[in-house]
Amino acid sequence: MTSPAPEVSIALELAELRRSVDVGNATTQGQLALLVQRGDQTDRRLDDHEGRLDSLERGRWPLPAIGALTGLAGLVAGVAPLISR
C-alpha cells in the first residue's frame, strides 16, 4: 500500500485544520452572542429596578418632615393642658 503524495497529505491536513478553526470560531461567536444577550437582559433588569427604586424614593416622606410633624404634635399635646386651665 502506498501513502498519498506529500502535497495531497498537506492539503488534507490544511483542510482539516481550516475546518477545526471554522468550528472553533463559530463556537466562540455563539458564546459571545449569548454573553451579549445576557448583558442586554441585565441592562434591562437594572433599568427596571432603577425606575422602581426612583418611584419608591419619590413616594416616601423625608425624615426631617416627619420629625417636624412629631415635634409639633408634642408641642400641641404639651400646651393643650396649660391652655385649658
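All of the points below concern the structure found in this document.

Let's shift gears to the overall build of the protein. Looking only at helices and strands, the protein has 2 helices and 0 strands in total. Relative to the compact-globule value of 12 Å for 85 residues, the protein shows a C-alpha radius of gyration of 37 Å, a clear excess of over 25%. The proportion of buried residues among the 85 residues of the protein is 0%. Surface accessibility of the protein: about 7800 Å² in total, with carbon and sulfur atoms responsible for 63%. Charged side chains in the protein number 9 positive and 11 negative. The centres of these two groups are separated by 15 Å.

The next subject is the pattern of salt bridges. This model, assessed by the stated rule, comprises 3 salt bridges. Here Arg19 makes a salt bridge to Glu16, at a shortest N to O gap of 3.4 Å. With Arg19 and Glu16 both in helix α1 (residues 6-59) and 3 residues apart, this pair spans about one turn of that helix. A salt bridge links Asp22 to Arg18, with the shortest nitrogen-to-oxygen separation between them at 3.8 Å. Here Asp22 pairs with Arg18, and both are found in helix α1, just 4 residues apart, close to one helical turn. For Asp22, a relative accessible area of 41% translates into the label partly exposed. Owing to a relative accessible area of 60%, Arg18 belongs among the exposed residues under this scheme.

A cluster of nonpolar side chains, contributed by Trp61, Leu63, Ile66, Leu69, Leu72, Leu75, Val76, Val79 and Ile83, occupies part of the molecular surface with about 930 Å² of accessible area. With respect to the helices and strands, Val76 occurs in helix α2 (residues 63-83). Residue classification places Val76 among the exposed residues on the basis of a relative accessible area of 52%.

There is a patch of like negative charges on the surface, built from Asp40, Asp43, Asp47, Glu50, Asp54 and Glu57. For Glu57, a relative accessible area of 43% translates into the label partly exposed.

Analysis parameters
- Residues numbered from 1 in each chain as written.
- Predicted model: local features only at pLDDT ≥ 70, side-chain atom pairs only at ≥ 80, totals over all residues.
- Heavy atoms only, no water.
- Helix = DSSP H or I, 4+ residues; strand = E, 2+ residues; numbered from the N terminus.
- Rg over C-alpha atoms; globule rule 2.2 N^0.38 Å.
- Buried < 20%, exposed > 50% of the residue type's maximum accessible area, 1.4 Å probe, protein only.
- Areas by Shrake-Rupley, 256 points an atom, 1.4 Å probe, with all protein chains shown as cover.
- Lys, Arg positive; Asp, Glu negative; His and termini not counted.
- Charge placed at Lys NZ, Arg CZ, Asp CG, Glu CD.
- Salt bridge = Lys/Arg side-chain N within 4 Å of Asp/Glu carboxyl O.
- Patch = residues over 30% accessible without salt bridge, like charges linked within 9 Å, V, L, I, M, F, W, Y side chains within 5 Å.

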